[in-house]
Amino acid sequence: MTTLLPATEAATPIRCVDAAGWPAVLATLPPLAAAFAQASGFEAKPGRIALLPGADGRLETVLFGIEDKGKGKGDDKGKGDAFAVGRLPDALPEGTYRLADYPGDPALAALAWRLSGYRFGRYRERAAPTARLAVPAGVDAAEIDRIADAVAAGRDLVNTPANDLGPAEIEAAARALAGRFGAACTVVEGEALETGFPLIAAVGRASPRAPRLIDITWGDPSAPRVTLVGKGVVFDTGGLDIKPSAAMLLMKKDMAGAAVALAAAEMVMGAGLPVRLRVLVPTVENAVAGDAFRPGDVLKSRHGLTVEIGNTDAEGRLILADALSLADEEAPELVFDFATLTGAARVALGPDLPALFTEDDALAAELAATGLAVNDPVWRMPLWAPYAGLLDSKVADLNNVSGGPFAGAVTAALFLRRFAPAAKAHVHLDLYGWNPSAKPGRPEGGEVQTARLVYALLKARYGAR
Ligand code: BES
Ligand code: MN
Ligand code: ZN
C-alpha cells in the first residue's frame, strides 16, 4: 500500500462536481477537455469518474461526481458517503493526484483512499492500486497512514484462514505489536489457564492448538486505565453443537474482535495517547473432539459464578467472561470488549453496523456521534435488565444461552455484564468483522469495525501526549 504524499504542484487535480455545479465547471474546462467529457457521457452523479486529456493527449484533469453539495441537513450537508473517494484509486492510472473543490473532510477522504488500497495478498499476488494522493496542508498524513496500516494489519488477521492462524499465530502477532512499542506481553496457558481461566481452557481444550490468554500492557502506570478485550476464536465449528456448513463457512473470522483490539491498540500506541492501555485476547479454537466441553456441563468461571452450558456454540461469551473478570480486577476507567458474538446482532443491524451495549448513557451518545464523525458507525442496543432471567439455570448461577429465540444479542450482552461489574464503564461491541461486498474504502473481506471509533474516542477524551 502506498502512503500519502504532502501537497505538491505536480499533482493531477481531481475536480469534485455535483449536478448543480457541473455547468459552471464545464465552462471552465478547455474546449478539448469539455468536448471529451460530454462525448464520453460524463454526468455529475455520485461516484462517476471521467479522465480528461490536455491538448497533448495526456491526462490533465479528473472529474469526480459527488453528492449534491446542498443536500442534507446541518452538519451532514453535502457530505454524502464520507468514503466516496475510495472509488478513485482503482479507477485511476499510476500517478499523483489531489482533490479539488472537495466539500467533505479531507482527512476522511485521504483515509478512504488508503483503506481502499488494501489487498489480501498472502496466497496470490493481488496488485494494489498505484494512484497516489497528495493531501492538503493541515491534514496529518502520518496519522492517517498509521491508522490505515493498523487497519490493514487487522484485516490481514481476519482474512487469514484458520489453517495458518491459530492461537499461537495470534500470540505471535500480539507479541510483535507489543515489541514494536515497548509494551509488556505475557501469555497464560496450560495449567495456569485451567486454574485461572477455566472457561477459556474448557472452550479451547478440544483443539490440538492450545488455548491461551494474551495480556499486553503499555503506557504510564498512573495514567487512566483503558482495557480492550477481543474475542479470539480462530475457528468456530460450534463445538459439539456443531454448525451447519453454511453457518461455518466464514468462521475463520471469529477472531475479528481480537483483530479489532490489536488494531485499536496499534493506533493508541502509535499516537502515544496518555493512557495506561491493556489488551486482553482470549484465543481458542472451538473444535470437536472426544475431550470437547459438552452441553449440560457446568463450569466454574474465574469470577466464581457457575455456568451451565446450554450451547457449546455460545463460546465467545464464555472466553470473554473470564477475560473480563481479569480486566475488572484492577477496576479500570474504561473496558471495551469486541466480539463477533451473535448472529442475532447481524439480524437486527446487518453486517455494516455493529451493536453497542453500555449502561453509560453519555458514553453511548459520545460513541454513536464519534462513529458517525469518523465513518466507523455503531448503533446502541439495550442492556434490557428484565431479560436477564432468560439466562437462569436450574443447576448453576446462570446458563450461557437463553432457551428461546428472543433478543439473542441482548442476552449475550447481559451475560458479559455479569463478569465486569467493577469497571467504571463497560462497552460491549458485537460486530460482524467482514464486508460481504466491496464498498468505497471497504474492500470485500475482513474488516476491523470499531477500532478507529475507539481510537477517536480515546484521542478526544485524553488528547495527545
Ligand atoms: N461466532 C458466532 C456468532 C456469529 C455468527 C457472528 C455468524 C457473526 C456471524 C457465535 O459464537 C455463535 O455461534 N453464536 C450463536 C449463539 C447461540 C448459540 C446462542 C448464534 O448467534 O447463533
Ligand atoms: Mn459460536
Ligand atoms: Zn463464535
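Residues numbered from 1 in each chain as written. Chains lettered and ligands numbered in written order. Predicted model: local features only at pLDDT ≥ 70, side-chain atom pairs only at ≥ 80, totals over all residues. Heavy atoms only, no water.

A. Spatial organisation of the side chain of Thr411. If you trace the backbone, Thr411 turns up in helix α14 (residues 408-417). Under the relative-accessibility criterion, Thr411 is labelled buried at 3%. Among residues more than four places away in sequence, those in contact with Thr411 are Tyr387, Leu390, Leu391 and Ser402. (Helix = DSSP H or I, 4+ residues; strand = E, 2+ residues; numbered from the N terminus. Buried < 20%, exposed > 50% of the residue type's maximum accessible area, 1.4 Å probe, protein only. Contact = heavy atoms within 4.5 Å.)

B. Structural detail: the sheet that holds strand β17 (residues 398-399). Pairing is mixed across the open sheet formed by three strands, whose spatial order is β12-β13-β17. A single partner strand is all that each edge strand has here, and the edge strands are β12 (298-300) and β17. As defined by bridge partners, strand β13 (residues 306-308) adjoins β17 across two bridges and the pair is classed as parallel. If you follow Val307 over to β17, its bridge partner there is Leu398. (Pairing = 2+ DSSP bridges.)

C. Focus on the coordination of the manganese ion (ligand 2). Asp236 (OD), Asp313 (O), Asp313 (OD) and Glu315 (OE) make up the full set of protein donors to the manganese ion (ligand 2), lying at 2.0 to 2.2 Å. Geometry at the manganese ion (ligand 2) is irregular, judged from its six donor atoms and the angles of 73 to 171 degrees they form at the metal. Within one chain, the residues donating to the manganese ion (ligand 2) are spaced in sequence as D-x76-D-x1-E. A separation of 3.1 Å is found between the manganese ion (ligand 2) and the zinc ion (ligand 3), both of which receive a donor from Asp236. Here Asp313 lies in the loop between β13 and α11 (316-328) and Asp236 lies in strand β10 (residues 232-236), a separation of 77 residues in the sequence. By relative accessible area, Asp236 is classed as buried at 3%. Under the relative-accessibility criterion, Asp313 is labelled partly exposed at 23%. (Donors = N, O, S within 2.8 Å, 3.2 Å for Na, K, Ca; no water. Tetrahedral: all angles 85-135°; square planar, octahedral: opposite > 155°, others 65-115°.)

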